[in-house]
Amino acid sequence: MSADAQHPVVQTARQGRVLVVTIDNPPVNALGVGVRGGLLAAIAQADADPEVAAVLLVGAGRAFIAGADIREFGKPPLPPSLPEVCNRIEACAKPVVAALHGPALGGGLEIALSAHYRLAMADARLGLPEVQLGLMPGSGGTQRAPRLMGVKPAVELMLSGRHMGAQEALATGLIDRLGEGADARAAGLAYAEELLAQGAGVRRTRDAQAALADKAASQAALGALKAETVKKSRGLFSPLKVIEAVQAGLDLPFDAALKRERELFLQCIDSPQRAGLIHAFFAEREVAKVPEAKAAQPRPIASVGVVGGGTMGAGIAVAALDAGLPVTMVERDQASIARGRANVEKVYDGLVAKGRLTPEAKAAVMARFAGSTSYEALAGVDLVIEAVFEDLEVKKAVFAELDRCCKPGAVLATNTSYLDIDAIAASISRPQDVIGLHFFSPANIMKLLEIVVPAQVGADVVATAFELAKKLKKVPVRAGVCDGFIGNRILAVYRAAADHMMEDGASPYEIDEAVRAFGYPMGPFQVSDLAGGDIGWATRKRKAATRDPKARYVQIADRLCERGWFGQKTGRGYYLYPEGARIGQPDPEVLAIVAAERQRAGITPRSFSQDEIMRRYMAAMVNEGANVVHEGIALRPLDVDVTFLYGYGFPRHRGGPMKYADMVGLDRILADIREFAKDDPLFWQPSPLLVDLVAKGANFDSLNRSE
Ligand code: COA
């Protein structure tokens with residue numbers, strides 16, 4: 001990321017009267033300190049050189065500029081600052097043209113907005129996505145974008161963080177023209193020459209008036225967007241700062257508004273949400289960097305088999321079909337395969353009904369789907385995912401059939417959520433081909449894919465699974481074999497903590513409310529009602545035999561399940577769902593059951609503040625997360641974070657449970673655990689990893705760096 005003499009990150013070359021300034025900072029030309037300095041020097045060179053009549057800014061490689069260098073945020077800023085660079089570009093005495101291709105995002109677009117003319121190639125993606133990182137444009141974007149596009153489109157671009165194509169950018173006024181051909185440099189040069197031939201001079205965005213001419217309309221649009229943002233941004237910090245900065249642009253002279261923008265930007269930089277969101281950005285990229293993917297080549301996957309046509313199997317089939325793969329589904333009889341096909345079709349019918357898919361497109365997708373009652377139909381497929389009933393013997397029988405029928409080298413995956421995959425692998429003649437692919441329901445929608453790595457699996461099979469995840473647009477997390485893998489194992493522990501609190505005096509509604517206030521879309525009891533209480537009931541029964549008889553066990557959920565109250569699908573669970581309502585209402589009868597259970601357990605209920613609820617909930621989650629890392633079930637703390645961000649609704653702006661713990665301070669989490677242990681030392685056993693890190697004064701993030 002730094003400049004060196006052989007390969008400066010900003011290169012200048014005269015092409016006739018045009019100084020071509022090329023940003024060359026792989027992989028995405030981020031605006032690190034070297035690039036910023038290089039751009040300042042290049043503009044100074046252009047102003048000083050009488051031979052130069054115009055400047056062209058282009059990016060080398062696959063991007064114009066993907067934005068500020070995210071790795072620099074949170075570190076002491078190094079001059080020159082990006083606002084200074086943007087203002088210097090705009091102040092250049094000679095016309096500056098920016099030719100955009102690929103990503104032109106964040107600070108990259110702000111550079112382009114500071115140029116005097118903008119051209120974009122067909123593949124350009126323009127955007128101001130800073131809110132997704134807890135930030136806002138801080139180098140004039142909140143001022144210059146509205147001057148070109150008008151308040152409403154500009155604010156919508158900033159609040160959504162979306163990328164805009166070149167055509168749309170032209171229509172909105174963000175750029176001046178589309179570039180022909182595939183070479184941004186050539187198209188930009190032609191444009192610069194044309195401008196010079198016309199005698200076009202500098203044209204500063206700060207002076208653009210037209211889009212903001214109707215002050216009242218701009219103010220009304222901003223007012224409406226503000227009201228909407230207050231409602232929708234659910235505790236997020238930076239979206240409202242965007243609105244404030246644009247408001248300053250309506251109220252103040254340009255330079256004063258820029259100053260205000262900078263102040264607001266710095267507030268965002270200092271916010272914990274920025275730290276959480278940037279951690280999430282890097283974590284979701286790091287998570288795919290696993291040793292096997294580096295060590296081995298993936299096997300080619302051009303076709304997929306799915307065993308089982310229930311909700312899970314059908315969801316997996318849809319995910320594979322959506323990735324363009326042909327899918328063969330195997331079920332035990334004609335009726336089951338018809339049901340499996342219907343489950344797949346239902347998803348596409350829903351899209352057709354919503355107008356998001358044409359009937360012809362649905363037919364084209366379904367043409368890639370085949371159903372069979374014979375395992376022989378899987379003889380040619382490259383990868384099979386088994387999604388049948390969760391029973392070890394049933395799964396072993398399926399794998400025996402796969403072993404008999406599949407071609408050598410086929411990857412054989414199980415979608416089990418807790419069974420011992422080592423045992424499944426050991427039961428067939430090719431354990432090196434067996435891996436766990438734990439999808440989350442609905443499998444065609446949920447982003448998380450736990451890739452569970454049994455002892456004997458080949459590295460190339462693990463690499464193949466990561467490659468498949470990419471094809472399916474899933475976020476893969478590598479997990480070791482244990483009951484529940486990463487996600488469900490940790491879930492079991494913090495769910496138990498929630499149950500303990502419920503028995504000790506917090507109502508399920510209070511707990512859900514505290515968890516929502518923390519930023520989750522739903523609380524644990526709402527989730528249980530949505531997933532179906534019978535699922536947890538089955539798990540508890542399964543674990544009953546191996547449960548430590550001394551361990552605390554709250555029976556409230558069992559009391560509900562015994563009544564058939566499984567949640568939404570039965571019309572009541574922890575909440576009441578009158579006439580199929582999706583949002584539940586508190587149920588006095590549930591509270592009576594809770595009260596009776598407290599009495600039975602000899603507990604005098606006490607009250608819990610939201611803060612205490614969350615301290616206990618998070619301490620349980622973090623402690624088990626530490627155990628999972630300590631035991632090597634998760635490679636790094638960031639793998640736990642990504643699991644919870646993508647599979648369990650953990651609020652992204654907090655970065656994940658382990659990042660959250662780092663931000664709170666591991667010593668505080670450990671102190672809480674020791675405090676809670678006074679009442680229940682068996683449940684609250686500090687993880688050895690947590691104890692060790694606190695003793696060393698280190699944090700989880702210190703374990704995230706790859707070698
Ligand atoms: N600063 C520093 N590094 C960046 C970066 C940035 N602004 N944008 C991307 N990178 C890095 C990624 O971390 C990744 O590094 P790695 O290969 O070591 O993992 C590499 O560039 C490639 O990025 P990746 O996201 O894997 O490639 P992609 O082609 O899928 O997507 C982008 C490219 C630019 C669309 C995407 O990276 C992105 O959205 N970046 C952030 C843009 C942004 O928010 N800009 C505003 C910053 S305030």
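Above this text sits the structure in question.
What you see is a predicted model; the values in this text were computed from it and never measured.

Each value, and the rule that gives it
- Residues numbered from 1 in each chain as written.
- Predicted model: local features only at pLDDT ≥ 70, side-chain atom pairs only at ≥ 80, totals over all residues.
- Heavy atoms only, no water.
- Buried < 20%, exposed > 50% of the residue type's maximum accessible area, 1.4 Å probe, protein only.
- Helix = DSSP H or I, 4+ residues; strand = E, 2+ residues; numbered from the N terminus.
- Pairing = 2+ DSSP bridges.
- Right-handed = clockwise from strand over helix to strand, strands pointing away.
- Axes fitted to C-alpha atoms, helices over the stretch in contact; angles between N-to-C directions.
- Contact = heavy atoms within 4.5 Å.
- Near = heavy atom within 4 Å.
- Polar contact = N/O pair within 3.5 Å; in protein donor to acceptor, adjacent residues only side chain to side chain.
- Areas by Shrake-Rupley, 256 points an atom, 1.4 Å probe, with all protein chains shown as cover.
- Nonpolar A, V, L, I, M, F, W, Y, C, P; charged D, E, K, R; others polar.
- Parallel < 35°, antiparallel > 145°, perpendicular 65-115°, else oblique.
- Left-handed = near helix turned anticlockwise from the far one by under 90°.

**Q** An account of the pairing of strand 10 (residues 304-307) is requested, with residue identities and associated values reported.
**A** Along strand 10, one buried face is formed by Val304 and Val306 and the opposite face, lined by Gly305 and Val307, is buried too. Across four bridges, strand 10 lies against strand 13 (residues 383-386) in parallel orientation. Bridge pairing in strand 13 places Val306 opposite Ile385. For the crossover from strand 10 across helix 13 (residues 311-322) to strand 11 (residues 327-330), the handedness is right-handed.

**Q** Requested: an account of the sheet that holds strand 16 (residues 448-453), with residues and values cited.
**A** Pairing is mixed across the open sheet formed by eight strands, whose spatial order is 12-11-10-13-14-15-16-17. Strands at the two margins of the open sheet, each flanked by one partner only, are strand 12 (369-372) and strand 17 (475-480). Direction aside, the axes of adjacent strands within the sheet are offset by 25° on average. Here six bridges tie strand 16 to strand 17, and the two strands are oriented parallel to one another. Note on strand 17: the bridge partner recorded for Ile451 is Arg478. Relative to the sheet, helix 13 contacts strand 10, strand 11, strand 12, strand 13 and strand 15 (434-439), its axis offset from that of strand 11 by approximately 170°.

**Q** Can you break down the site of the ligand residue by residue, with the values?
**A** Around the ligand, 20 residues are found, and the nearest of them are Arg62, Ala66, Ala68, Arg285 and Lys289. Ala68 is positioned with one of its backbone polar atoms (N or O) 2.8 Å from a nitrogen atom of the ligand. With respect to the ligand, the backbone of Ile70 contributes an N or O atom lying 2.9 Å from a nitrogen atom. A total of 870 Å² of accessible area belongs to the ligand in isolation, and the protein chains cover 76% of it. When residues of the shell around the ligand are traced back to their parent elements, those giving at least two are strand 5 (103-105) and helix 11 (272-286). Residue contributions to the shell around the ligand peak at three residues, all from helix 11. Grouping the constituent residues of the shell around the ligand by class yields twelve nonpolar, one polar and seven charged.

**Q** Give me the sheet that holds strand 2 (residues 18-23): which residues, what numbers.
**A** What the six strands build is an open sheet, ordered 1-2-3-4-6-9; its pairing is mixed. Looking at which strands have only one partner, the edges of the open sheet turn out to be strand 1 (10-15) and strand 9 (177-178). Where strand 2 lies against strand 3 (residues 54-59), six bridges are found, and the strand directions are parallel. What sits directly across from Thr22, in strand 3, is Val58.

**Q** Give a description of the packing of helix 8 (residues 215-232) against helix 9 (residues 238-251) that names residues and reports values.
**A** The relative placement of two packed helices comes down to the angle between their axes together with the axis-to-axis distance. Their axes nearest at 10 Å, the elements helix 8 and helix 9 cross at an angle of 165°. By the angle class used here, helix 8 and helix 9 are roughly antiparallel. Between helix 8 and helix 9 lies a crossing whose hand is left-handed. Of helix 9, the residues touching helix 8 (which contributes Lys215, Ser218, Gln219, Leu222, Leu225, Lys226, Thr229 and Val230) are Pro239, Leu240, Ile243, Val246, Gln247, Leu250 and Asp251. Residue composition of the contact of helix 8 with helix 9, grouped by class: eight nonpolar, four polar and three charged.

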